[in-house]
Amino acid sequence: MFTSLQTSSVRLSKRVIFTSNFTSLRKFQQGKRNYGLSYVPIIYQNQAKRNNYARNNSSKRYQVQQNRNKFWFSGYATTTLAFSLLGWMSSGSKDDQTEKEEPKVESETEDKSETDSKPVTNLRDLIKNRKETNSPISDTWDLESYLSNATAKDTLEFIKAQYKQAHDKYGKKDPKTFNAKMSELELLLLMRKPSSIVQDLTSEYEFAKSNFGEETFQTNRALLNLTKVYMETGDHAEAKACFEKLMKNVSANNELSWMYPKALDLLGTFSEILGRFNESENIFQGELQLANDLEDEKLIAQAHYSLGRLSIEKDDIENAEKHLNKAASLFKKLARHIDLHKTNEIIALLTTQKDEDSDESELDRAEKMLKEAYDWNLRTFGFEAPRVWLLEDKFGHLLFLRNKITEAESHFRSAERGLIAIYGEALPIASPVSHLAHILINEQRFEEAEEKYSTLERIFKSEIESKPYYAQPLSSALQFRAICLLAMYEGNKSPKNKDKLEKSTRCFEESIKLLEDLDPDSPELARHYMIYARVLSSSEENIPRAAELSERAMTIFSNSLEDSHPQMINALLDQASILYLNGDKTKAEASFRRSLKAAATSYGFQDDKTINVVARYFQFLASINRTKDAEDLVLQALSRLNKQEKNYDRFAGILYYFLARSSLTNHKYRDAERTLSQALPCFEKSLGPGNPTTIEARSVSYTHLTLPTIY
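Parameters at a glance
- Residues numbered from 1 in each chain as written.
- Predicted model: local features only at pLDDT ≥ 70, side-chain atom pairs only at ≥ 80, totals over all residues.
- Heavy atoms only, no water.
- Axes fitted to C-alpha atoms, helices over the stretch in contact; angles between N-to-C directions.
- Helix = DSSP H or I, 4+ residues; strand = E, 2+ residues; numbered from the N terminus.
- Parallel < 35°, antiparallel > 145°, perpendicular 65-115°, else oblique.
- Left-handed = near helix turned anticlockwise from the far one by under 90°.
- Contact = heavy atoms within 4.5 Å.
- Polar contact = N/O pair within 3.5 Å; in protein donor to acceptor, adjacent residues only side chain to side chain.
- Expected span 1.5 Å × (residues − 1).
- Buried < 20%, exposed > 50% of the residue type's maximum accessible area, 1.4 Å probe, protein only.
- Core = buried A, V, L, I, M, F, W, Y, C linked by side-chain atoms within 4.5 Å.
- Phe/Tyr/Trp six-rings, centres within 6.5 Å; stacked < 30°, edge-to-face > 60°.
- Lys NZ or Arg CZ within 6 Å of the ring centre and 35° of its normal.
- Disulfide = S-S within 2.5 Å.

Draft legend 1. Spatial organisation of the packing of helix H20 (residues 430-442) against helix H21 (residues 446-464). It is at 8 Å that the axes of H20 and H21 come closest, and there the two elements cross at 155 degrees. The angle between H20 and H21 falls in the class roughly antiparallel. Here the hand of the crossing between H20 and H21 comes out left-handed. Mapping the contact onto sequence places Ala 430, Val 433, Ser 434, Leu 436, Ala 437, His 438, Leu 440 and Ile 441 in H20 and Phe 446, Glu 448, Ala 449, Lys 452, Tyr 453, Thr 455, Leu 456 and Phe 460 in H21.

The following block contains the structure:
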């Protein structure tokens, strides 16, 4: 899963786009964008959240995912309980409360089992009181004051010295000694992998419970940190147990009232991890309301950060920017460098997720922010800290999205080496490994890519027994490994390479079986069906099986997606191609027409999705000798283009080029010369004279148009 330290990087990757032959680049490329085989790296558990259809509450897949996630969070992790604990919220705002009567305090003789579960009254006053009086919080509770002026290593030495001094003066059982020890562990949690701190934190929690009592600050500080660690390591059961104890203790002891905001943030993060976005939003909004009521800028910043992170999950980029920018502004004002750079990491990568293309100045700013975050973390924590290598991976990702492929690959390899040194071949290395595989498969370096997908396969298989939700990323890794193996076989069909074809088939079948067991109505399963169907359709004897799989896929898609959804448009195109190969030209054309209608109605003709449909439909009509219909289709698309739009030249060039190739095929050389003379300037203007498409068009012009003149 994505932890608070690992948010955003892989979530902001590009969507999968397959070409008709699976390995070549898409014929027409747009400037800096690469439309080859593009793998959305699925690093931890929720690939569904990366797809638009899984964010649609009417989607079957979404509902199944929601139901699957409801495993233990029936008590404290509900919005109702969160708000009942914060009884003051139901009374209105801070100003409103001054006009209302204070709730009556129940009789002291009332049964304790009943009063324990009642809301704490006047929570705002309780928290403010704890902040203004001598609370048991030591100065080392907030590490920011140290890390602002020193490295983590120096800070650790300072805290150890504090611990030794307290231990020698007061003994191990004194709260001052314990607080210093907890500060040491909290700093180590920032410097090392979370799993390495679990045993020490557990020991300190048991020590505090037996020496200070269950409901004391010391015990619940340890419990709070244990909950965070278990969340970061993905141990939901242990995290749930710790969290329930924490909430029980906090609600039973007014002395711990100041911990409510921290507990609320954990509660919202739990719901977010489990995919309960609406519930999580309600909790984070409650946290923000509480923070505003307390007039605590640190808590306000944290609430905005959490809401911004959640907004990304909900695909609400505008809201995400608003919350994250507020959080960053407050963190900067408060000189909270860890939180500031953590927020800036997300803001930087968020720049690439806007619907419209970001201009170069925005991307430059994003790159600068990530570089500053990386440099500060490296300077503060050193190479031994996982956060530094995770940032290296994110920085590489941004460079990749800016088409700085060589630099990006270097950063991914560096992140992979650094994380392997810390974790070995384990889950945290999956992000840079999948990013590397993404580059390698795009560059058709299939042997290297297959090795990376094989690594991902081993990682996810090691996790799936205890965490079944890793079936999805495992399925994706298997699918892309299968594609690499198939490409390697196609490149060399010698008998000794036949095992690659067999391995490819096994990987495809295993990938599909995993998803069938996980959710037989999943759109992700339908996508895998369709990809495998296209692979099978390349072999004549497998076309009936391909047709069967494509039919299954379309049944699932039709139940969960509208025709206008990009995935549905592509599925209709794939179904049409397979139906044509299976000899059913009438049904094939019906699918082409349905796809074109959906794309043109929803996106217009000046859109990649629609032009791709026109291209595929044109090729189909030309292949069945309906040349006039094919040319009319292209002319109709040309007439719908707007010369004032920025993509006009690129799309017009593509369409004119199709007409030229059609004319050449039918020996209409004068028509071909005329349309090529229209296509070439469009390509040169939109793609540049050195672009492969421009060069190819120019080559066709010089080769094919001069030969008829000679004869």
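Draft legend 2. Molecular detail of the side chain of Thr 610. Relative to the assigned elements, Thr 610 resides in helix H28 (residues 608-623). Separated by 2.6 Å, the side chain of Thr 610 and the backbone oxygen of Gly 604 make a polar contact. Apart from residues no more than four positions distant in its own chain, Thr 610 is found in contact with Leu 596, Ala 599, Ala 600, Tyr 603, Gly 604 and Phe 605.

Draft legend 3. Structural detail: helix H22 (residues 471-491). With 21 residues, H22 ought to run about 30 Å at 1.5 Å a step, and its terminal C-alpha atoms sit 30 Å apart, in line with that. Of all the 21 residues making up H22, 19 are buried; the element is thus mostly covered by neighbouring parts of the structure.

Draft legend 4. Up close: the side chain of Glu 416. On the secondary structure map, Glu 416 appears in helix H19 (residues 405-423). For Glu 416, the residues in contact, after removing those within four places along its chain, are Pro 432, Val 433, Leu 436 and Lys 452.

Draft legend 5. View of the nonpolar core. Formed by 93 residues in total, the largest nonpolar core has its most connected members in Leu 147, Leu 187 and Phe 381. Setting aside anything within four residues of it in sequence, one finds Phe 381 in contact with Leu 147, Ala 152, Leu 190, Met 191, Ile 338, Trp 376, Arg 387 and Val 388. Core analysis: the next-biggest nonpolar cluster, separate from the first, contains 58 residues, Cys 484, Cys 507, Ala 546 and Met 568 among them.

Draft legend 6. Molecular detail of the environment of Thr 351. Tracing the sequence through the fold places Thr 351 in the loop between helix H16 (337-350) and helix H17 (360-381). Overall, Thr 351 belongs to the buried group, its relative accessible area being 8%.

Draft legend 7. Highlighting the packing of aromatic side chains. In total, this model carries 14 aromatic pairs according to the counting rule given. Relative to Trp 389, the ring of Phe 383 lies with its centre 5.5 Å away and its plane at 25 degrees, an arrangement referred to as stacked. With a relative accessible area of 48%, Phe 383 lands in the partly exposed category. Overall, the relative accessible area of 11% leaves Trp 389 in the buried class. Ring plane angle 90 degrees and centroid distance 5.5 Å describe the contact between Tyr 580 and Phe 620, whose orientation is recorded as edge-to-face. Of this pair, Tyr 580 sits in helix H26 (residues 566-581) while Phe 620 sits in helix H28, and the two are 40 residues apart along the sequence. An aromatic cluster is built from Tyr 580, Phe 592, Tyr 617 and Phe 620, whose rings are joined through pairwise contacts. Lying across the ring of Tyr 305, Lys 342 places its NZ or CZ 4.6 Å from the centre. Sitting over the ring of Phe 381, Arg 387 keeps its end group 4.9 Å from the ring centre.

Draft legend 8. Fine view of the state of the cysteines. With the rule as written, the count across this model stands at zero disulfides. For the unlinked cysteine Cys 484, the closest cysteine sulfur is that of Cys 507, found at 9.9 Å. For Cys 484, a relative accessible area of 0% gives the class buried.

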